[in-house]
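# Working through the structure, step by step
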Amino acid sequence: MKHQTSFLLTALACNLLTAGCAREIDYREGATMAEVNRARDTCALAAETQAPYRPATRMEPGDWIPERKVCDAAGNCTIRPGRMGLPQIVRYDGNATRRVLLARTCLADKGFDRVSLPYCQSNVRNATPQAVTRVLPPLTPQSCIIGRGGSAYQIVSP
């Protein structure tokens, strides 16, 4: 089963390269969307507890301002040398990356893979009756996804 999943993920990645645009989803064959959402919420809360918001600050150097010629009304010109601009102070969440990794690990422990599905081409979209995926179907190398507004989507396996 693990080899089959690896093959599927590789095939989907190849499909992604030819399609150009894709959507990442948390996937476990046969899981309902309620199970996916519950697992995602549980893992996000666990990650927030393990890696809470940690304010951090870093200083980034200013932009390079090139030399420039400045002339007055009488035509007298001077060259102002190039210089570094003022540094920028950037505030960020020092645990943001850790929280994402913790949530992904939690979902993997619950049996979910992170899968990229290409968006369906227009001919497939037009030929597919509108619906919303409620139970995650088996995937094939031809599987694609149609956005159905917000977080809803429809997985199509032509």
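Up top you'll find the structure we're talking about.
Procedures and definitions
- Residues numbered from 1 in each chain as written.
- Predicted model: local features only at pLDDT ≥ 70, side-chain atom pairs only at ≥ 80, totals over all residues.
- Heavy atoms only, no water.
- Helix = DSSP H or I, 4+ residues; strand = E, 2+ residues; numbered from the N terminus.
- Contact = heavy atoms within 4.5 Å.
- Areas by Shrake-Rupley, 256 points an atom, 1.4 Å probe, with all protein chains shown as cover.
- Expected span 1.5 Å × (residues − 1).
- Buried < 20%, exposed > 50% of the residue type's maximum accessible area, 1.4 Å probe, protein only.
- Arc of directions from axis to C-beta.
- Pairing = 2+ DSSP bridges.
- Core = buried A, V, L, I, M, F, W, Y, C linked by side-chain atoms within 4.5 Å.
- Disulfide = S-S within 2.5 Å.

### So, the overall build of the protein
When its secondary structure is counted, the protein shows four helices and ten strands. The helix and strand sequence of the protein, counted from the amino end, reads α-β-α-β-β-β-β-β-β-α-β-α-β-β. Contacts spanning at least 24 positions in sequence make up 69% of the contacts within the protein whose residues lie at least 6 apart. For the protein, the exposed area adds up to about 10,800 Å²; of that, 55% sits on carbon and sulfur atoms.

### Concerning helix H3 (residues 96-109)
Across its 14 residues, H3 extends 20 Å between first and last C-alpha, which sits within 8% of the 20 Å expected from 1.5 Å per residue. Among all positions of H3, only Arg99, Ala103, Cys106 and Leu107 are buried. Projected down its long axis, H3 carries its buried residues within an arc of 95°, all on one side. The outward face of H3, more than 90 degrees from its buried face, is lined by the exposed residues Thr97 and Asp109.

### Considering helix H2 (residues 33-50)
Look at H2: 25 Å from first C-alpha to last across 18 residues, which is about the 26 Å you get at 1.5 Å a residue. Where H2 is concerned, the buried positions are Met33, Val36, Ala39, Cys43 and Ala47. The arc enclosing the buried residues of H2, seen along the axis, measures out at 125°, which places them on a common side. In H2, the exposed positions that point more than 90 degrees away from the buried face belong to Arg38, Leu45 and Thr49. Buried-residue contacts for H2 involve strand E1 (22-27), H3 and strand E10 (153-156).

### Here we look at the pairing of strand E9 (residues 144-147)
One face of the sheet, then the other: side chains in a regular strand alternate in exactly this way. Sheet topology note: the E9/E10 ladder contains four bridges and is antiparallel. Looking at the pairing, Ile145 lines up with Ile155 of E10.

### Quick look at the nonpolar core
Within the largest apolar cluster, 17 residues are counted, with the highest numbers of intra-cluster contacts made by Ile25, Leu117, Leu136, Tyr153 and Ile155. At the level of elements, E1, H2, H3, strand E8 (113-118) and E10 are the ones that each hand at least two residues to this core. It is H2 that contributes the most residues to this core, four residues altogether. Apart from residues lying up to four places away in sequence, Ile25 is in contact with Asp113, Arg114, Val115, Leu117, Ile145, Tyr153 and Ile155.

### Some remarks on the state of the cysteines
Tallying each qualifying case throughout the model produces three disulfides. Bridging Cys71 to Cys77, the disulfide has an S-S length of 2.0 Å. Residues Cys71 and Cys77 are joined through a disulfide that is right-handed, its torsion about the S-S bond being 105°. The partly exposed category is assigned to Cys77, whose relative accessible area is 37%. Sequence-ordered numbering of the disulfide-bonded cysteines in the protein gives the connectivity 1-4, 2-3, 5-6.

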